[in-house]
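Given next are the chains, with one letter for each unit.
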Amino acid sequence: VFHRPLHLILALLVSAVLIPIAAYAMGSLFFGSNPNLVCGIVLEYSVPVAVTAFMWISMFGGNGPLALTIILTSSVISPVTIPLTLKLLLGATVSIDVPSMMQDMAFMIAINIFIRCTDLTSNFYVVGFFLEVSYANAEAVEFVSKFSS
């Protein structure tokens, strides 16, 4: 996956840039008079790639290593991408403390995932990885909602 990273880079660009922009455009179009609703829509589509994507990719014979790399990478970079996305798209309408959010999310998500993934000898490595990323995604959504009010 890292020898030819084009697919990884494209997937991350789509999930971290294009999808939140499309969510902002659609949210503004349909709910422009309610900035909190638009913020919620953008937040929903700014979270890392879902772990369930791996299940679907496996069922349909997709590239499993690429899917796991996308899930892990999008989760690890989410402490930077989520606050920046909210600030860039909603900065004028929603007050966001970006540095504090990045720091807290880094401790909750990225560092925790790195610690869990370093124990490659465990028989529960894959299960632990999926549970950790799912928990991190839920924590990110809950945590970011505190900053977007």
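Criteria and cut-off values
- Residues numbered from 1 in each chain as written.
- Predicted model: local features only at pLDDT ≥ 70, side-chain atom pairs only at ≥ 80, totals over all residues.
- Heavy atoms only, no water.
- Core = buried A, V, L, I, M, F, W, Y, C linked by side-chain atoms within 4.5 Å.
- Buried < 20%, exposed > 50% of the residue type's maximum accessible area, 1.4 Å probe, protein only.
- Helix = DSSP H or I, 4+ residues; strand = E, 2+ residues; numbered from the N terminus.
- 1 Å grid on protein atoms, 1.4 Å probe; cavity = no way out; pocket = protein on both sides within 12 Å on 5 of 7 lines; lining within 4 Å.
- Points joined across faces, edges and corners; volume = space filled by probe spheres on them.
- Contact = heavy atoms within 4.5 Å.
- Polar contact = N/O pair within 3.5 Å; in protein donor to acceptor, adjacent residues only side chain to side chain.
- Patch = residues over 30% accessible without salt bridge, like charges linked within 9 Å, V, L, I, M, F, W, Y side chains within 5 Å.
- Areas by Shrake-Rupley, 256 points an atom, 1.4 Å probe, with all protein chains shown as cover.
- Salt bridge = Lys/Arg side-chain N within 4 Å of Asp/Glu carboxyl O.
- Phe/Tyr/Trp six-rings, centres within 6.5 Å; stacked < 30°, edge-to-face > 60°.
- Nonpolar A, V, L, I, M, F, W, Y, C, P; charged D, E, K, R; others polar.

A.B. asks: Could you clarify how one ought to interpret the nonpolar core in this entry?
C.D. replies: Core analysis: the biggest nonpolar cluster contains twelve residues, these being Val-38, Cys-39, Val-42, Leu-43, Ile-82, Leu-86, Leu-90, Ile-96, Val-98, Met-101, Met-105 and Ile-109. Within the residue set of this core, elements represented by two or more residues are helix H2 (35-44), helix H4 (64-90) and helix H5 (98-117). If you look at the next biggest cluster of nonpolar residues, it comprises nine residues, including Leu-8, Leu-12, Leu-66 and Ile-71.

A.B. asks: What am I meant to see in empty space enclosed by the protein here?
C.D. replies: Unfilled space is identified by rolling a water-sized probe across the atoms. Under the criterion given, the structure shown has one cavity of 30 Å³ or more. For the lining of the largest cavity, the secondary-structure elements that each account for two or more residues are helix H1 (6-31) and H4.

A.B. asks: I tried to follow the environment of Ser-46 on my own but got confused; where do I start?
C.D. replies: Within the fold, Ser-46 resides in the loop between H2 and helix H3 (52-59). Residue classification places Ser-46 among the buried positions, given a relative accessible area of 6%. For the pair Ser-46 and Pro-20, spaced 26 residues apart in the sequence, the C-alpha separation amounts to 5.5 Å. Excluding its chain neighbours within four sequence positions, the residues that come into contact with Ser-46 are Pro-20, Ile-82 and Thr-85. A distance of 2.6 Å separates the side chain of Ser-46 from the backbone oxygen of Val-42, its partner in a polar contact.

A.B. asks: Where do I start with a nonpolar patch on the surface in this structure?
C.D. replies: On the surface, Leu-6, Ile-9, Leu-10, Leu-13, Val-14, Val-17, Leu-18, Ile-19, Ile-21 and Tyr-45 cluster together into a nonpolar patch covering about 880 Å² of accessible area. Along the polypeptide, Val-14 turns up in helix H1.

A.B. asks: Looking at this structure, how should I read the packing of aromatic side chains?
C.D. replies: The geometry of two aromatic rings is summed up by the distance between their centres and the angle between their planes. Per the stated rule, a full pass over the model turns up one aromatic pair. With a centroid separation of 6.1 Å and 10 degrees between ring planes, the pair formed by Trp-56 and Phe-60 is classed as stacked. In this structure Trp-56 comes out as partly exposed when scored by relative accessible area, which is 47%. Given the relative accessible area of 65%, Phe-60 is considered exposed.

A.B. asks: Help me understand the layout of surface pockets in this model?
C.D. replies: Reported here for the largest pocket is a volume of approximately 180 Å³. In this structure, the largest pocket is lined by Ala-11, Val-14, Ser-15, Ile-19, Glu-44, Tyr-45, Val-47, Pro-48, Val-49, Ala-50 and Ile-70. Tallying contributions element by element places H1 first for the lining of the largest pocket, with four residues. Looking at side-chain class alone, the lining of the largest pocket contains nine nonpolar, one polar and one charged residues. If you add up the space inside the second largest pocket, you get close to 160 Å³. Along its surface, the second largest pocket is lined by Ala-16, Val-17, Pro-20, Ile-21, Thr-81, Leu-84, Thr-85, Leu-88 and Leu-89. Those elements that place two or more of their residues in the lining of the second largest pocket are H1 and H4. At five residues, H4 tops the list of elements feeding residues into the lining of the second largest pocket. Residues that form the lining of the second largest pocket fall into these classes: seven nonpolar, two polar and no charged.

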